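Coordinate inspection notes
Listed here are the chains, written in short residue letters.
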Amino acid sequence: MSQKTAVIFCVWTAVWCAIFYFIYEIFLGQFQVPWVMFVCMTIFFAIKMQPRQLGAAIICYFCGLAWG
């Protein structure tokens, strides 16, 4: 991956993580684990998941919270 691609990927992921974080805080702020959202979103973009796979990723996230 070139340096330009890495920078664009970082900015793109950071923007979507910030948007997702604010939505998360509005609806699920009582869980107090916002750092997990940044990890989940970065993995989502890094492995190039399809939008239809988002449901499975959300279920996996909640299973991880329960296990932790």
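Going by the structure above, here's the rest.
Scope of this entry: the structure provided in the associated data block. All figures in this text were calculated on a predicted structure; none of them were measured in a lab.

1. Digging into helix α1 (residues 3–28)
With 26 residues, α1 should reach 38 Å at 1.5 Å per residue; the first-to-last C-alpha distance of 35 Å fits that figure. Of all the residues in α1, the buried ones are Thr13, Cys17 and Tyr24.

2. As for the environment of tryptophan 16
Turning to its location among the elements, tryptophan 16 is positioned in helix α1. Here tryptophan 16 falls in the partly exposed class, since its relative accessible area comes to 35%. For tryptophan 16 and threonine 42, which are 26 residues apart along the polypeptide, the C-alpha to C-alpha distance reads 9.1 Å.

3. Let's talk about a nonpolar patch on the surface
Together, Val7, Val11, Trp12, Val15, Trp16, Ile19, Ile23, Ile26 and Phe27 make up a nonpolar patch on the protein surface, roughly 920 Å² of accessible area in all. By the element assignment, phenylalanine 27 lies in helix α1. The exposure class of phenylalanine 27 is exposed, given its relative accessible area of 62%.

Conventions we followed
Residues numbered from 1 in each chain as written. Predicted model: local features only at pLDDT ≥ 70, side-chain atom pairs only at ≥ 80, totals over all residues. Heavy atoms only, no water. Helix = DSSP H or I, 4+ residues; strand = E, 2+ residues; numbered from the N terminus. Expected span 1.5 Å × (residues − 1). Buried < 20%, exposed > 50% of the residue type's maximum accessible area, 1.4 Å probe, protein only. Patch = residues over 30% accessible without salt bridge, like charges linked within 9 Å, V, L, I, M, F, W, Y side chains within 5 Å. Areas by Shrake-Rupley, 256 points an atom, 1.4 Å probe, with all protein chains shown as cover. Salt bridge = Lys/Arg side-chain N within 4 Å of Asp/Glu carboxyl O.

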